[in-house]
Amino acid sequence: GNSVTQMEGPVTLSEEAFLTINCTYTATGYPSLFWYVQYPGEGLQLLLKATKADDKGSNKGFEATYRKETTSFHLEKGSVQVSDSAVYFCALLEGGFKTIFGAGTRLFVKA
Amino acid sequence: NAGVTQTPKFQVLKTGQSMTLQCAQDMNHNSMYWYRQDPGMGLRLIYYSASEGTTDKGEVPNGYNVSRLNKREFSLRLESAAPSQTSVYFCASRAEGARTEAFFGQGTRLTVV
């Protein structure tokens with residue numbers, strides 16, 4: 001079946017450091033791909049998405065490119081802030097109905 | 001703009017007790033979902049409803065039942081709670097289509113003792 005694998009955390013960075021969180025997927029066809037973010041005590045919210053190969057999703061300085069050759073959707077940010085500390089989930093939409101999530105990666109950003 | 005509203009936010013149950021988690025969305029979405037979140041395991045789908053009047057099992061349905069009461073509301077019932085059901089539960093909704101994202105409620109933290 002379809003699945004999403006993302007790098008284990010926690011990831012600890014200093015403010016203004018470069019962030020990469022790796023995400024790879026297994027799927028039939030070309031599903032839409034998403035990154036969600038969860039701040040402490042809250043539900044998940046969409047960070048960005050890409051709906052076809054080579055699309056780049058971007059939001060709040062975060063970017064991810066849909067790479068069908070490597071079945072990857074890695075999240076990047078050039079300069080992280082303390083306020084970016086959260087848990088990040090990579091996900092794919094299966095069959096137009098079910099969202100399949102990775103295990104999540106916790107990010108800590110130190111001032 | 002309420003979005004997806006879940007009640008209650010916190011609950012403690014004794015083993016064997018029953019309860020219903022409520023969820024309502026005001027975005028006119030067809031699809032609604034119940035997930036549980038456990039440390040290190042991401043979100044696992046319990047049940048989903050692709051449209052009013054239909055429900056389907058997800059990855060971990062055992063011990064749960066659901067009701068799609070109308071287009072707005074989708075409830076999750078634990079008939080006889082077990083400690084293994086201690087978790088954070090999230091309801092989500094999504095508009096129809098292969099490119100749409102899910103909108104989540106704030107979650108219900110359930111402890112079964």
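Before going into details, it helps to say that this report is about the structure given with it.

Helix and strand counts for chain B stand at zero helices and eleven strands. Counted from the first residue to the last, chain B has its helices and strands arranged as β-β-β-β-β-β-β-β-β-β-β. For 113 residues, the compact-globule estimate of 2.2 N^0.38 gives 13 Å, and chain B sits close to it at 13 Å. Along the first, second and third principal axes, the C-alpha set of chain B runs to 40 × 30 × 25 Å. Sequence-distant contacts in chain B: of pairs separated by 6 or more residues, those separated by 24 or more amount to 53%.

Between chain B and chain A, the contact holds 22 residues from the first and 20 residues from the second. Broken down residue by residue, the surface that chain B buries against chain A is led by Arg99, Glu101 and Phe104 of chain B, which jointly contribute 28%. Across the contact surface, chain B and chain A share one salt bridge. Lysine 49 of chain A is paired through a salt bridge with glutamate 101 of chain B; the nearest N and O atoms lie 3.0 Å apart. Summed over the shared surface of chain B and chain A, the result is eight residue pairs in polar contact (both at pLDDT 80 or more). When residues of the side of chain B that touches chain A are traced back to their parent elements, those giving at least two are strand 4 (31–37), strand 5 (43–49), strand 9 (87–94) and strand 10 (102–104) of chain B. With four residues, strand 4 of chain B is the largest single contributor of residues to the side of chain B that touches chain A. A per-class count over the side of chain B that touches chain A returns eleven nonpolar, eight polar and three charged.

In this section: the pairing of strand 1 (residues 4–7) of chain B. Walk down a regular strand and you will see the side chains alternate between the two sheet faces. Residue and element names in this part refer to chain B. Of the two faces of strand 1, only the one carrying Val4 and Gln6 is buried; Thr5 and Thr7 on the other face are not. Bridge count for strand 1 against strand 3 (residues 19–25) is four bridges, and the pairing is antiparallel. Residue threonine 7 lies in a different strand from strand 3, and its bridge partner there is glutamine 22.

Turning next to the sheet that holds strand 8 (residues 74–78) of chain B. Residue and element names in this part refer to chain B. An order of 1-3-8-7 is seen for the four strands of this open sheet, with the pairing classed as antiparallel. With one partner strand each, in any of the chains shown, strand 1 and strand 7 (64–68) form the two edges of the open sheet. Geometrically, the sheet is characterised by an average inter-axis angle of 15° between neighbouring strands, direction not taken into account.

Moving on: the packing of aromatic side chains. Throughout the structure, instances matching the rule amount to 13 aromatic pairs over all chains. Geometrically, the ring pair formed by tyrosine 25 of chain A and tyrosine 66 of chain A is edge-to-face, given 6.0 Å between the ring centres and 75° between the ring planes. Taken as a pair, tyrosine 25 of chain A in strand 4 (residues 23–26) and tyrosine 66 of chain A in the loop between strand 8 (62–65) and strand 9 (75–77) lie far apart in primary sequence, 41 residues in all. The pair formed by tyrosine 25 of chain A and tyrosine 66 of chain A is uniform in burial state, with each residue classed as buried. Ring-pair connections join several aromatic residues into one group, and the members of that group are Phe34, Tyr36, Phe89 and Phe101 of chain A together with Tyr33, Tyr35, Tyr48, Phe90 and Phe104 of chain B.

Residues and elements named next belong to chain A. The final tally for this structure, using the stated rule, is two disulfides over all chains. Covalent S-S linkage joins cysteine 23 and cysteine 90, the inter-sulfur distance amounting to 1.9 Å. Because the torsion about its S-S bond is -70°, the bridge between cysteine 23 and cysteine 90 counts as left-handed. Placement of cysteine 23 in strand 4 and of cysteine 90 in strand 10 (residues 86–94) is noted, with a sequence separation of 67 residues between them. Both residues of the pair, cysteine 23 and cysteine 90, belong to the buried class.

With respect to the helices, strands and loops of the structure, threonine 100 of chain B is situated in the loop between strand 9 and strand 10. Side-chain polar atoms of threonine 100 of chain B contact the backbone oxygen of alanine 95 of chain B, separated by 2.7 Å. A distance of 3.5 Å separates a polar side-chain atom of threonine 100 of chain B from the backbone oxygen of glycine 97 of chain B. Excluding anything up to four places from it in sequence, threonine 100 of chain B contacts Phe34, Lys49 and Leu93 of chain A together with Arg94 and Ala95 of chain B.

Cut-offs used in this document
- Residues numbered from 1 in each chain as written.
- Chains lettered and ligands numbered in written order.
- Predicted model: local features only at pLDDT ≥ 70, side-chain atom pairs only at ≥ 80, totals over all residues.
- Heavy atoms only, no water.
- Helix = DSSP H or I, 4+ residues; strand = E, 2+ residues; numbered from the N terminus.
- Rg over C-alpha atoms; globule rule 2.2 N^0.38 Å.
- Contact = heavy atoms within 4.5 Å.
- Buried area = accessible area lost by both parts, 1.4 Å probe.
- Salt bridge = Lys/Arg side-chain N within 4 Å of Asp/Glu carboxyl O.
- Polar contact = N/O pair within 3.5 Å; in protein donor to acceptor, adjacent residues only side chain to side chain.
- Nonpolar A, V, L, I, M, F, W, Y, C, P; charged D, E, K, R; others polar.
- Buried < 20%, exposed > 50% of the residue type's maximum accessible area, 1.4 Å probe, protein only.
- Pairing = 2+ DSSP bridges.
- Axes fitted to C-alpha atoms, helices over the stretch in contact; angles between N-to-C directions.
- Phe/Tyr/Trp six-rings, centres within 6.5 Å; stacked < 30°, edge-to-face > 60°.
- Disulfide = S-S within 2.5 Å.

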